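# Structural description and commentary
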Amino acid sequence: MRYAIRLAQRAEAAGEVPVGAVVVKDNQCVSEGWNSPISLNDPSAHAEINALRQAGQKLANYRLLETTLYVTLEPCLMCVGALVQARVTRLVFGAYDPKRGAVESAFNFAESRFVNHRFEYTGGVLAEACGELLKDFFLARR
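The rules behind each value
Counting of residues starts from 1 at the beginning of each chain's written sequence and follows it residue by residue. The predicted origin of the model limits local features to residues at a pLDDT of at least 70 and limits the giving and counting of side-chain atom pairs to 80 or more, whereas totals for whole chains, interfaces and linings rest on all residues. The side-chain figures draw on all heavy atoms in the structure; neither hydrogens nor water molecules are used. Helical segments are the DSSP runs of H or I of at least four residues, strand segments are the runs of E of at least two, and each set is numbered from the N terminus. Each residue's exposure class comes from its accessible area (1.4 Å probe, protein chains only) as a fraction of the maximum for that residue type: buried when under 20%, exposed when over 50%, partly exposed otherwise. To be clear on the numbers: accessible area is Shrake-Rupley with a 1.4 Å probe, and residue cover counts the displayed protein chains and nothing else. A positive count includes Lys and Arg, and a negative count includes Asp and Glu. His and the chain ends are not counted in either. Where a charge sits is defined by one atom per residue type, namely NZ (Lys), CZ (Arg), CG (Asp) or CD (Glu). Among buried residues, those of type Ala, Val, Leu, Ile, Met, Phe, Trp, Tyr and Cys that are joined through side-chain atoms within 4.5 Å constitute a nonpolar core. The contact definition used throughout considers only heavy atoms, calling two residues in contact when any of these lie within 4.5 Å. Salt bridges are identified by distance alone: a Lys or Arg side-chain nitrogen within 4 Å of an Asp or Glu carboxyl oxygen. The span expected for a helix works out to 1.5 Å for each residue beyond the first.

### Notes on the overall build of the chain
- For the chain, the count of helices and strands is five helices and five strands.
- When the helices and strands of the chain are listed from N to C terminus, the series reads α-β-β-α-α-β-α-β-β-α.
- Out of the 142 residues belonging to the chain, those deemed buried represent 49%.
- Here the chain displays about 7500 Å² of accessible surface, and carbon together with sulfur accounts for 51% of that area.
- Positive and negative charge centroids in the chain, built from 16 and 15 side chains respectively, lie 4 Å apart.

### Details of the nonpolar core
- Core analysis: the biggest nonpolar cluster contains 41 residues, and L69 and L91 have the highest contact counts within it.
- Top contributing element to this core by residue count: helix 4 (residues 77-86), with six residues.
- If near-sequence neighbours (up to four positions away) are discounted, L91 is found in contact with L69, V71, P75, L83, V103, F119, E120, Y121 and T122.

### Remarks on the pattern of salt bridges
- Inspection of every chain in the model, using the stated rule, returns four salt bridges.
- In this structure, R10 and E32 form a salt bridge, with 3.6 Å as the shortest nitrogen-oxygen distance. Here R10, found in helix 1 (residues 2-13), pairs with E32, found in strand 2 (residues 28-34); they are 22 residues apart in sequence, far enough to count as distant.
- A relative accessible area of 43% means that R10 is categorised as partly exposed.
- Where R53 meets D42, a salt bridge forms, and the shortest distance between an N and an O atom there is 3.7 Å. Here R53 is found in helix 3 (residues 47-59), whereas its partner D42 is found in the loop between helix 2 (37-40) and helix 3, with eleven residues between them in sequence.
- Taking the relative accessible area as the measure of exposure, D42 reaches 21% and is therefore partly exposed.

### Some words on helix 3
- When the terminal C-alpha atoms of helix 3 are compared, their 18 Å separation across 13 residues agrees well with the 18 Å that a helix rising 1.5 Å per residue should span.
- Here helix 3 has its buried residues at A47, E48, I49, N50, A51, L52, A55 and G56.
- Looking at the buried side of helix 3, the elements it contacts are strand 1 (20-25), strand 2, strand 3 (67-73) and helix 4.
- A60, located one to two residues past helix 3, shows a positive phi value of around 55°.

Note that all results are geometric; they support no functional claim without further evidence.
Structure, rendered in C-alpha cells:
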C-alpha cells in the first residue's frame, strides 16, 4: 500500500486526483497505475483500470487469477466491475469513499447476487494516509 501511495502522489503531481494502484502476483509487483483521466482524456483511466490493463499485458491474459490489487481509495462501480471481469482474487484498499465506493460504502457491488465472481477484500489499510492525500488535494483546489 505504501507503494500505491507513492503512485497516488505521482497522479497528484500531474494534476490528477491522487489515487494509486498496484497489482501483485506471487508476492511480486506485476503492474502499477495511477489516476490519469485528465491527461489521457479517458474517463476510464482510473488507477485500478490502468493497473489492470498493464497486468493483463504483462501476464498475457485478461484473467488476472491469483492476483491482489492494492489501491489507495475504495473502488468505484466501474473499477469493481473490472475487478470482477478480471477475476482478481483479492482487493486491499486504503480510504473509504462514502459517496462513490462500490465495495462497502455507497454500494456493495462485490456482494451483489448477480455478480459471477467474488473476491476477498480488506478496506481501511493505511486509510488515514490515503485519505489525507485526497483531503489535501481537494482543499488546495478550493
